[in-house]
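Take a look at the letters that make up each chain.
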Amino acid sequence: MKRVKIYLGLVHYPVRNKRAETITSSVTNLDIHDIARACQTYGVERYMIVTPVKAQHRLLGNILGHWREEKNEAYNPDRARALSIVSLSPSWEKALEEIEALEGTRPLVAVTGARFGDHDGGCGSLVEKLCIDNRPLFILFGTGYGLGQEVVDGADFRLAPLLGHGKGGYNHLSVRSAVSIYLDRLRSEG
């Protein structure tokens, strides 16, 4: 089976808070580093951090700039390599346009959510669809309490939520954990 090209977006706006209001969440150092490492491990083409906030753009630029300096890259080449695939986008739509320009075709947009009651299937179904359609994948993860409804509505595929086996129905993984699990499942199926 042909290996599917994967692009990953971590969306900071529009996302929801615990009251289901649309907000902008903050970019975090842990998400930048840990998700980049997972993306590099699983062969993701590009990890796109999506935020319209200029101060967050500067923060990301400072972090990435630090690891692109020769002395820091030499100190920790694995970290520098992981961060080499990170880019910034002011919106998920702009990120989608960028991928389309790179690939020459519109990617299939898949969204994730811990609370999806209605979904299109799991990773196996998604990989099967991608292979039939012969398109790259742009998979979006939300911060805060999940992606804004307009992002979910703009997607081609809603992935089944990750269901754990914890007591009392607890289901609130960090986005870093969810990214790793989904990427592993996608690569295992493809």
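Residues numbered from 1 in each chain as written. Predicted model: local features only at pLDDT ≥ 70, side-chain atom pairs only at ≥ 80, totals over all residues. Heavy atoms only, no water.

Asker: Would you mind going over the packing of aromatic side chains with me for this structure?
Answerer: Here the distance between the centres and the angle between the planes together describe a pair of aromatic rings. One pass over the structure, following the stated rule, counts 1 aromatic pair. Directly above the aromatic system of Trp67 lies the positively charged group of Arg79, at a separation of 5.6 Å from the ring centroid. The aromatic ring of Phe116 is capped on one face by Arg158, whose charged end is 5.2 Å from the ring centroid. (Phe/Tyr/Trp six-rings, centres within 6.5 Å; stacked < 30°, edge-to-face > 60°. Lys NZ or Arg CZ within 6 Å of the ring centre and 35° of its normal.)

Asker: Mind showing me how you'd approach the sheet that holds strand E5 (residues 86-89) here?
Answerer: Strand pairs in the sheet, formed through backbone hydrogen bonds, run parallel or antiparallel to each other. The 6 strands are arranged E5-E4-E1-E7-E6-E8 in an open sheet whose pairing can be described as parallel. Because the sheet does not close on itself, it has two edges, and the strands there are E5 and strand E8 (157-158). For strand E1 (residues 6-11) and strand E7 (residues 137-142), the ladder comprises 6 bridges, and the chain directions are parallel. The residue of E7 that forms the bridge with Ile6 is Leu137. (Pairing = 2+ DSSP bridges. Helix = DSSP H or I, 4+ residues; strand = E, 2+ residues; numbered from the N terminus.)

Asker: Just to check I follow, could you spell out unusual backbone geometry for this structure?
Answerer: Trans is the common state for peptide bonds, and a negative phi is the common state for residues other than glycine. Going from Tyr13 to Pro14, the amide bond is cis rather than trans, its omega being -5°. Of note, Pro14 is situated in the loop between E1 and strand E2 (15-16). Residues other than glycine seldom take positive phi values, yet Ala20 does so here, at roughly 70°. Along the chain, the position of Ala20 falls in the loop between E2 and strand E3 (22-23). Phi at Asn134 is positive, roughly 55°, even though this residue is not glycine.

Asker: I keep staring at the pattern of salt bridges and nothing clicks. Help me out?
Answerer: Two side chains bearing opposite charge may form a pair once their charged atoms approach each other closely. Enumeration over the complete set of coordinates arrives at 10 salt bridges. Between Arg158 and Asp118 there is a salt bridge whose closest N-O contact spans 3.1 Å. A residue pair is termed long-range when its members are at least 10 positions apart, and Arg158 in strand E8 and Asp118 in the loop between strand E6 (108-111) and helix H6 (123-133) qualify at 40 residues. Relative accessible area serves as the criterion here: at 21%, Arg158 is assigned to the partly exposed category. For Asp133, the salt bridge is made with Arg135, and the minimal N-O distance between the two is 3.6 Å. Sharing partners across several salt bridges, the network here consists of Asp31, Asp34, Arg37 and Arg176. (Salt bridge = Lys/Arg side-chain N within 4 Å of Asp/Glu carboxyl O. Buried < 20%, exposed > 50% of the residue type's maximum accessible area, 1.4 Å probe, protein only.)

Asker: Would you explain a negative patch on the surface in this entry?
Answerer: A surface patch of like charges, here negative, comprises Glu93, Glu97, Glu100, Glu150 and Asp153. Within the residue set of the negative patch, elements represented by two or more residues are helix H5 (92-103) and helix H7 (149-153). Looking at which element gives the most residues to the negative patch, the answer is H5, with 3 residues. For Asp153, the position within the fold is in helix H7. On the accessibility criterion, Asp153 (57% relative accessible area) is exposed. (Patch = residues over 30% accessible without salt bridge, like charges linked within 9 Å, V, L, I, M, F, W, Y side chains within 5 Å. Areas by Shrake-Rupley, 256 points an atom, 1.4 Å probe, with all protein chains shown as cover. Lys, Arg positive; Asp, Glu negative; His and termini not counted. Charge placed at Lys NZ, Arg CZ, Asp CG, Glu CD.)

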